[in-house]
Number of protein chains: 2
Amino acid sequence: MSHHLNNDAVASAAAVFAALGDPTRLALVERLSDGRAHSIVQLTSGIGLTRQGVTKHLSALEAAGIVASKRTGRETHFSIERQTLENSAAYLARVSRQWDETLGRLESLLAKTETPPKT
Amino acid sequence: MSHHLNNDAVASAAAVFAALGDPTRLALVERLSDGRAHSIVQLTSGIGLTRQGVTKHLSALEAAGIVASKRTGRETHFSIERQTLENSAAYLARVSRQWDETLGRLESLLAKTETPPKT
DNA sequence: AAGAAAGGCAACCATATAGTTGCCTTATCA
DNA sequence: TGATAAGGCAACTATATGGTTGCCTTTCTT
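Cut-offs used in this document
Residues numbered from 1 in each chain as written. Chains lettered and ligands numbered in written order. Predicted model: local features only at pLDDT ≥ 70, side-chain atom pairs only at ≥ 80, totals over all residues. Heavy atoms only, no water. Phe/Tyr/Trp six-rings, centres within 6.5 Å; stacked < 30°, edge-to-face > 60°. Helix = DSSP H or I, 4+ residues; strand = E, 2+ residues; numbered from the N terminus. Buried < 20%, exposed > 50% of the residue type's maximum accessible area, 1.4 Å probe, protein only. Pairing = 2+ DSSP bridges. Least-squares fit on C-alpha atoms with pLDDT ≥ 70 in both. Contact = heavy atoms within 4.5 Å. Axes fitted to C-alpha atoms, helices over the stretch in contact; angles between N-to-C directions. Parallel < 35°, antiparallel > 145°, perpendicular 65-115°, else oblique. Nonpolar A, V, L, I, M, F, W, Y, C, P; charged D, E, K, R; others polar.

### Regarding the packing of aromatic side chains
Residue and element names in this part refer to chain A.
Right, on to step 1. Under the definition given, this model contains 3 aromatic pairs over all chains.
Right, on to step 2. Ring plane angle 55 degrees and centroid distance 5.9 Å describe the contact between Phe 17 and Tyr 91, whose orientation is recorded as tilted. Pair noted here: Phe 17 is in helix α1 (residues 7-20) and Tyr 91 is in helix α5 (residues 82-110), with a separation of 74 residues, a long-range link.
Right, on to step 3. Under the relative-accessibility criterion, Phe 17 is labelled buried at 1%.

Next up, the structure:
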């Protein structure tokens, strides 16, 4: 049993990181992290970019599943998709902790007397 | 006190995500997550890319502080920088949890009058 | 010492990406 | 109902990016 994810999983995780890997988009995500839904004009103010530019970034975030949009009346409101961010955080935590786990397995191997490894 | 990070912090966080936002690089990071140092040829095998291509990706990861390299003899070994990944995981967790905090405040507001909705 | 193994450096190419401008549609409001 | 506000759609440009090939240097091995 490999500890690696399959290619598709890696690819979709990478897609999320790629979407987060732009200062403008990350700033948008931070703005949306207040939990409220914001319109495009709201999100455009103070970003130093045209509305269409912001729209493109929001589309990228939506395609990656980081935000969701809903049109009401003449405006489109964007809100954050918490689960996606949580999953990505968990992914990074897992990868960074693998070293610890390796150490842990090594230790239990060395301590080979009794207690079976958990999981 | 704003819950937003300053521009530099956002930019450097974005740089890390950008570096992770490529399937090849993420695969390299996963490989390095065994905690051992690997040479470039080792990392190249099975990636489906030329050595120089892999070198470029490793340089990108190193520039983002995700891996570190050390030349010994005729080979260069790359290892993971756990702290960077931990920080990024914590960052995402913070951003995604801000919503909870908001909800928490809202709920305690609602609780003063009536039974909170179940969403 | 000679060949092989590991890798650095640079040039080059194709495509993706970030950003713009221009224009059209649909709501809202006075 | 006419102006204005919000935004979708498309074309276009410049630069960044991912990947390659070619070649040179350094280190190891026999």
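### Quick word on the pairing of strand β2 (residues 67-72) of chain A
The side chains of a regular strand alternate between the sheet's two faces.
Residue and element names in this part refer to chain A.
Right, on to step 1. Pairing analysis gives 6 bridges linking β2 to strand β3 (residues 75-80), with the strands arranged antiparallel. When the bridges of β3 are listed, Val 67 appears paired with Ile 80.
Right, on to step 2. The antiparallel hairpin formed by β2 and β3 contains 2 residues in its connecting segment, where Gly 73 sits at a positive phi of about 65 degrees.

### A look at the relation of the copies chain A and chain B
Right, on to step 1. Overlay of chain A on chain B (RMSD 0.1 Å): rotation 180 degrees, translation along the axis 0.0 Å. When the rotation and shift are considered jointly, the pair of chain copies conforms to a two-fold rotation axis. When C-alpha positions in chain A are compared against the rotation axis, the closest is assigned to Ala 89 of chain A, at 2.2 Å.
Right, on to step 2. Looking at chain A, 100% of its interface residues are interface residues in chain B too, so the copies touch through the same face.

### Remarks on the packing of helix α2 (residues 23-32) of chain B against helix α4 (residues 51-63) of chain B
Residue and element names in this part refer to chain B.
Right, on to step 1. In the contact formed by α2 and α4, the axes pass within 10 Å of each other and the chain directions differ by 75 degrees. The angle between α2 and α4 falls in the class roughly perpendicular. Facing Thr 24, Arg 25, Leu 28 and Val 29 of α2, the residues of α4 in contact are Val 54, His 57, Leu 58, Ala 60 and Leu 61.
Right, on to step 2. The residue inventory of the contact of α2 with α4, partitioned by class, reads 6 nonpolar, 2 polar and 1 charged.

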